[in-house]
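# Examining the three-dimensional arrangement
Given next are the chains, with one letter for each unit.
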Amino acid sequence: MASKPGRRPKPPPEQQWEELLTFQHFQKTSLSRHSYGYAQGTMRALIESEFSRLRGITYLDHAGTTLYPQSQLTRFMDDLTKNVYGNPHSQHISSKLTYDTIEHVRYRILEHFNTTSEDYSVIFTSGSTAALKLVAEAFPWSSASSENEGSRFCYLSDSHTSVVGIRKIAEAMQVSSVSLKPEDILLSEKSNGAVYEPACETPHLFCYPAQSNFSGTKYPLSWIEMLKSGRLSPMTTPGKWFVLLDAASYVSTSPLDLTIHAADFIVISFYKIFGFPTGLGALLVNNRVSHFLQKTYFGGGTAAAYLVGEDFYVPRKSVSERFEDGTISFLDIIALKHGFDILERLTGGMENIKQHTFALAHYTYTVLVALRYPNGAPVIQVYSDTEFNSPEIQGPIINFNVLDDNGDIIGYSQVEKMASLHNIHVRTGCFCNTGACQRHLKISNETIKKNLQAGHICGDDIDLIDGHPTGSVRISFGYMSTIEDAQTFLKFIITTRLGKADSKLPFQVTPGETAAVTGEPVVQDEWVNKHETGKLGQEDGLLQTELDKSSMTTKETDFHPPATKPGGGLQIPSLTAAATLDGRLPKFTITNIYIYPIKSCAALEVTKWPIGNQGLLYDRNWMIVNHNGICLSQKQEPRLCLIKPLIDLHRKTLVVTAEGMDPIDVPLDENNGKENQICQSKVCADRVNTYDCGEKISDWLSKFFGRHCRLIKQSSNFKRSANKKHTKDSSHVTTASLSLVNEAQYLLINRASVLELHQLLNESDENGTKELLPMRELIERFRANIVINGTQAFEEEKWEEISIGTLNFLVLGPCHRCQMICIDQKTGQRNQDVFQALSASRKRKVNFGIYLMHEPSDSSSSCFLSVESQLLPVLKDTENHS
């Protein structure tokens, strides 16, 4: 059963926390029984020689994919440069070399699993999913009839989605499918209540994972022999059981001996073992049952002979050739040879990897379950069927959720964002294993359906619904994982969850190093309206003449800065006291307006700016992409904030500046730029039409970042429709158009909300005297378009609509914050304090600011936003939502 917090060991005294994280404690708890490292060399030497790219990164998603060593790529590329590999279906010399090499790799795979071609055949597929599908399509299902009940497909509830999907193929063959809980099989094993009738040959298929990709539980390989011998039966239906073993997760860190555990079908993915190549897997078929597989489709290379005009087809005799349709991925297969060679050279074999990875998992688990809040509540809820006592029953996977001191679960998305701030890579969600997720998190079938109706789908970041988790966090170790990886992760958990409760913690987590960038000095500017200075910034000077020619549709009023309390501090009136006689909310004032011409680059602050059909004119019309055409963001490249764009409407020019670089001009218009299409996941997976801004700006950006970059601009004749997920009324968004923003046309934040966070940050300083972040810098981190002087923190989240003069805006919802708020927009340096403080104060979701969409009117007059303009909100109809 799933582990429960109440069963965990008592927390150690606080002075022992430091000891828990020492290498000596690790040796005491793990090395006495399980080996850490390899005889071939030290772990430090392994990392420096093969995985130097991991410097500053703690990678803990090896169950997702392990990492490839440098020498594997080097030897593979050396092989390709020295040899000519032709299509294996041809007959010339280079083709023969390819064919022979592939056959050698087949033998090498079988050797890895301690078997030979006499017993098993290797069928290459695009992955383990394709291998599972192949078995489902070729299995000799027997449909139900009056004479017999027909075949059955049984699978463990703790199975990957790709296993569960077989039931749709079975359904098409009129075959019933049944999912079984692990405890049901274990009870059947103990009772030995199998129904075995040798005379009945109805074929049934049972599939289970050798290792759960959710929890790392290793299910008994002894089930294989028991099922085949008839001593164990998933159901009471008579017939002959075939075993399909999903070994993809298991073989990534454990040896599998097919001489002992001779399953009928075994599916594997090679990137789980080597990290490279991806998109290549295999189905290992026991030769004793290969003749049972029935193939319908035949592709290139699978036929011994066939006729075009007559239903005549003779398959090749070899099982591998019969099922490998078309030309297989022969270069990737050749890469496997180098993968096996390097893995053996670095580690000495899979048994060593099993011991090494389990030692790390056992140690990490031991510390995690010992962590307690000062009130005695556990910090971690682990989802496991074992106590991590043996690598024979537990793999190097730890699945868990983080709890607060009240025992409530903290959403996995929030934990993942926090981990990313420390350069720790974890996996979250349900891991394509809904069955295990339901079982461990106690999620009913009805709840799954309700969550879907609430908007939650597999793979998103909706981690809590009505306070209940939709998934969890998973860490997993690989053969190159180190004790430092485990310690870094544990320090992260202790510091983020217990650091504030216990100031005596003897250590502090140091995030991954980032390149030091010299930035401008921070301006100490709290609650100062731009007009009070009597000065215009450079960017305003460029626009002043042009904007003075235009008439405003908004009514400007005098700006009154907030009053101060006696003795200092801001006097913020209550919402009730500030209400007008007619019951409407008071008018708020815009204090700052920002546009971001280049996505993820520095802000351009203005006092008056025209509104376009996609938001503020030229807001996020450009973006910087890498050599693959993928949009760069500050999460991957923090120095983007050092790129400072200005708009010169007189010359119709975008001026791009950066310290140490000469300014460069880019035309605002498209001119004769070349248009192309790209797909950007960071633009809500929308495909947008863009054009390239040319070689000069590309060279300029490439020089600044030290890698190839290009600047592209959204085509003016392309309309990107607004995402409908923010509002139930689709009529509001059918005509709305977006630039290259992530979510909505506008983002608004409230100074009162910023002030509350600012005070929290100051309180977190143990001396209470050091101002961690000036207000202006804190505002800049949230990268809003509109900043207002609200009266209460987060009151903006209660608004449904707002009006600014004759302009009307629909509130689409809150902005869910990511790690970018931890980046100093003046220097590009990261600091976790802002996200941690916001996370602690907002509890379940890290929301800050609201998204707006402009509702265009029939007025033909020019529209502008201006600092000091008044804003009038309309509250949500809470009565209809109660």
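Everything below is about the structure printed above this text.
Residues numbered from 1 in each chain as written. Predicted model: local features only at pLDDT ≥ 70, side-chain atom pairs only at ≥ 80, totals over all residues. Heavy atoms only, no water.

This part is about the pairing of strand S28 (residues 687–692). When you tally the buried positions in S28, you get five out of six residues, the bulk of the element. Judged from the three bridges that link them, S28 and strand S29 (residues 710–714) form a sheet pairing that is antiparallel. Within the sheet, the bridge partner assigned to Tyr-691 lies in S29 and is Lys-713. (Buried < 20%, exposed > 50% of the residue type's maximum accessible area, 1.4 Å probe, protein only. Helix = DSSP H or I, 4+ residues; strand = E, 2+ residues; numbered from the N terminus. Pairing = 2+ DSSP bridges.)

A contiguous nonpolar patch, built from Phe-298, Tyr-306 and Val-308 and spanning about 340 Å² of accessible area, is present on the exposed surface. For Phe-298, the location among the structural elements is in the loop between strand S8 (281–286) and strand S9 (303–306). (Patch = residues over 30% accessible without salt bridge, like charges linked within 9 Å, V, L, I, M, F, W, Y side chains within 5 Å. Areas by Shrake-Rupley, 256 points an atom, 1.4 Å probe, with all protein chains shown as cover. Salt bridge = Lys/Arg side-chain N within 4 Å of Asp/Glu carboxyl O.)

Moving on, we come to helix H24 (residues 833–842). The buried count for H24 comes to seven of 10 residues, which makes it a mostly enclosed element. Restricting attention to buried positions, one finds in H24 the residues Val-834, Phe-835, Gln-836, Ala-837, Leu-838, Ser-839 and Arg-842.

A few words on the packing of helix H5 (residues 93–112) against helix H13 (residues 330–347). Two numbers describe how H5 lies on H13: the axes approach to 9 Å, and their chain directions differ by 45 degrees. Viewed along their axes, H5 and H13 adopt a mutual orientation that is oblique. Classified by chirality, the crossing of H13 by H5 is left-handed. Residues Thr-98, Thr-101, Ile-102, His-104, Val-105, Arg-108, Ile-109 and His-112 of H5 lie in contact with H13, whose contacting residues are Phe-330, Ile-333, Ile-334, Leu-336, Lys-337, Phe-340 and Asp-341. Counted by class, the contact of H5 with H13 contains eight nonpolar, four polar and three charged residues. (Axes fitted to C-alpha atoms, helices over the stretch in contact; angles between N-to-C directions. Parallel < 35°, antiparallel > 145°, perpendicular 65-115°, else oblique. Left-handed = near helix turned anticlockwise from the far one by under 90°. Contact = heavy atoms within 4.5 Å. Nonpolar A, V, L, I, M, F, W, Y, C, P; charged D, E, K, R; others polar.)

Turning our eyes to something else, we now look at the sheet that holds strand S26 (residues 661–667). With antiparallel pairing, three strands are arranged side by side in an open sheet as S24-S25-S26. For this open sheet the edge positions go to strand S24 (644–648) and S26, each flanked by a neighbour on one side alone. For this sheet, the mean inter-axis angle between neighbouring strands, taken without regard to orientation, is 25 degrees. Against the sheet, helix H21 (residues 695–705) makes contact with strand S25 (653–658) and S26, and its axis sits at roughly 145 degrees relative to S26, the strand it touches most.

Spatially, the three strands line up as an open sheet ordered S22-S21-S37, and their pairing is antiparallel. The open sheet has two free edges, formed respectively by strand S22 (615–616) and strand S37 (864–866), since each of these has just one partner strand.

What follows is about the pattern of salt bridges. A full pass over the atoms with the stated rule returns 31 salt bridges. The closest approach of N and O atoms between Glu-351 and Lys-354, which form a salt bridge, is 3.4 Å. Here Glu-351 and its partner Lys-354 are both found in helix H14 (residues 350–368), three residues apart, which amounts to about one turn of the helix. When its relative accessible area of 37% is taken as the criterion, Glu-351 is described as partly exposed. Among the ionic pairs, Glu-695 bridges to Arg-710, the shortest N-O distance being 2.7 Å. Of this pair, Glu-695 sits in helix H21 while Arg-710 sits in strand S29, and the two are 15 residues apart along the sequence.

The omega angle of the peptide bond from Phe-276 to Pro-277 is 0 degrees, so this bond is cis rather than trans. Along the chain, Pro-277 turns up in the loop between helix H11 (271–274) and S8. Backbone geometry at Lys-442 places phi at a positive 55 degrees, although glycine is not the residue there. The exposure class of Lys-442 is exposed, given its relative accessible area of 65%. A positive phi angle, near 75 degrees, is found at Ser-600, a position not held by glycine. Of note, Ser-600 is situated in the loop between strand S19 (588–595) and strand S20 (604–606).

With that settled, the discussion passes to the state of the cysteines. Going through the model one piece at a time under the given rule, you end up with one disulfide. Across the disulfide from Cys-430 sits Cys-437; the S-S distance is 2.2 Å. Between Cys-430 and Cys-437 the sulfur-sulfur dihedral comes to about -50 degrees; the bridge is accordingly left-handed. Not part of a disulfide, Cys-631 finds its nearest cysteine sulfur in Cys-601, a span of 9.2 Å. (Disulfide = S-S within 2.5 Å.)

Here we come to the environment of Ala-305. With respect to the element layout, Ala-305 can be found in strand S9. A relative accessible area of 33% places Ala-305 in the partly exposed class. Residues Ala-305 and Pro-315, spaced 10 residues apart in sequence, show a C-alpha to C-alpha distance of 7.1 Å.

To continue, consider the packing of aromatic side chains. Scanning all chains against the criterion turns up 25 aromatic pairs. Ring centres of Trp-141 and Phe-153 lie 6.2 Å apart, and the angle between their planes is 80 degrees; on these two criteria the pair is classed as edge-to-face. Of this pair, Trp-141 sits in the loop between helix H6 (128–138) and strand S3 (152–156) while Phe-153 sits in strand S3, placing them 12 residues apart in sequence. Comparing Trp-141 with Phe-153 shows no difference in burial state: the two are buried. Of the aromatic side chains, those joined through ring pairs into one cluster are Phe-139, Trp-141, Phe-153, Tyr-155, Phe-242 and Phe-292. Above the face of the Tyr-68 ring, Arg-53 is positioned so that its terminal group lies 4.3 Å from the ring centre. (Phe/Tyr/Trp six-rings, centres within 6.5 Å; stacked < 30°, edge-to-face > 60°. Lys NZ or Arg CZ within 6 Å of the ring centre and 35° of its normal.)

As a further point, take the side chain of Lys-272. Residue placement: Lys-272 occurs in helix H11. No salt bridge is formed by the buried Lys-272; its nearest oppositely charged neighbour, Asp-61, is found at 7.5 Å. In terms of polar contacts, Lys-272 uses its side chain to reach the backbone carbonyl oxygen of Gly-64, at 3.3 Å. Those residues in contact with Lys-272, other than ones at most four positions away along the chain, are Ala-63, Gly-64, Thr-66, Ala-248 and Ser-252. (Lys, Arg positive; Asp, Glu negative; His and termini not counted. Polar contact = N/O pair within 3.5 Å; in protein donor to acceptor, adjacent residues only side chain to side chain.)

Below, the discussion takes up the environment of Met-623. Among the structural elements, Met-623 can be located in strand S23 (residues 622–625). With relative accessibility at 0%, the residue Met-623 sits in the buried group. Considering only alpha carbons, one finds Met-623 and Val-741, 118 residues apart in sequence, at a separation of 9.9 Å.

These values are about where atoms sit, not about what they do.
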